[in-house]
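Overview (structure and organization)
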Amino acid sequence: MTDKASSHSAAWLTRGGLRPTRQRALLADLLVGDGQNRHVTAESLFAAAQDSGQSVSLATVYNTLRAFCDAGLMQEITVDGSKSYFDTNTHDHPHFFWEDTGELTDAPADQLKISSMPKIPEGAELSKVDVVIRLRRS
């Protein structure tokens with residue numbers, strides 16, 4: 001990674017209040033080092049780390065992604081109740097899930113209009129609305 005990428009990654013970790021351990025810095029570089037947002041699975045991030053010649057276990061990748069989410073640096077999007085994707089864009093926005101490739105991409109938030117919501121049960125409050133639009137190539 002370049003010094004600029006490492007600097008960007010270190011600032012990202014600092015913003016989340018996380019100490020920049022070697023593993024966190026490595027994974028942060030892969031996730032946000034170039035300033036772009038990413039949608040990853042733990043497995044795809046693990047493969048990217050391996051491809052870059054870095055030694056990190058899959059368990060460490062899972063634990064680090066969880067720490068990034070807990071720090072508010074990423075959000076987890078669950079598809080089908082079992083497959084988790086991690087998004088570096090933490091602003092509320094919808095997603096497209098491409099069934100044929102298993103890819104998760106951002107959908108245009110300005111085109112989504114939710115005109116009404118079901119009544120929230122008494123004693124509860126709305127925390128978040130996740131919108132995942134499933135697509136198949138025709």
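Presented here is a report on the structure given in the accompanying data block. (Residues numbered from 1 in each chain as written. Predicted model: local features only at pLDDT ≥ 70, side-chain atom pairs only at ≥ 80, totals over all residues. Heavy atoms only, no water.)

**Looking at a nonpolar patch on the surface**
Our working definition: Patch building starts from residues that exceed 30% relative accessible area and form no salt bridge, then joins like charges within 9 Å and nonpolar side chains (Val, Leu, Ile, Met, Phe, Trp, Tyr) within 5 Å. Residue-level accessible areas treat just the shown protein chains as cover; the underlying method is Shrake-Rupley with a 1.4 Å probe. Each reported salt bridge corresponds to a side-chain nitrogen of Lys or Arg within 4 Å of a carboxyl oxygen of Asp or Glu. Numbering goes from the N terminus for both helices and strands, where a helix is a DSSP run of H or I of at least four residues and a strand is a run of E of at least two. For every residue, the accessible area (1.4 Å probe, protein chains only) is compared with the maximum for its type, and the residue is labelled buried under 20%, exposed over 50%, or partly exposed between those bounds.
A grouping of Leu-112, Ile-114, Met-117, Ile-120, Leu-126 and Val-129 is seen on the molecular surface, where their side chains present a nonpolar patch of about 490 Å² in accessible area. Residue placement: Leu-112 occurs in the loop between strand 5 (103-106) and strand 6 (132-135). Under the relative-accessibility criterion, Leu-112 is labelled partly exposed at 32%.

**Some thoughts on the nonpolar core**
Across soluble globular proteins, nonpolar side chains have a tendency to be buried as a group. The following threshold applies: In this text, buried Ala, Val, Leu, Ile, Met, Phe, Trp, Tyr and Cys residues form a nonpolar core when linked through side-chain atoms within 4.5 Å. Contacts between residues were defined by any pair of non-hydrogen atoms, one from each residue, lying within 4.5 Å.
By size, the foremost hydrophobic cluster in this structure holds 21 residues, and its most contacted members are Trp-12, Leu-27, Leu-31, Leu-45, Leu-65, Phe-68 and Met-74. Within the residue set of this core, elements represented by two or more residues are helix 1 (3-15), helix 2 (22-32), helix 3 (42-51) and helix 4 (58-70). Of all the elements, helix 2 adds the most residues to this core, at six residues. If near-sequence neighbours (up to four positions away) are discounted, Trp-12 is found in contact with Ala-28, Leu-31, Val-32, Phe-68, Leu-73, Met-74 and Thr-88. Among the nonpolar cores identified, the runner-up in size contains five residues, and Ile-77, Val-79, Phe-97 and Leu-104 belong to it.

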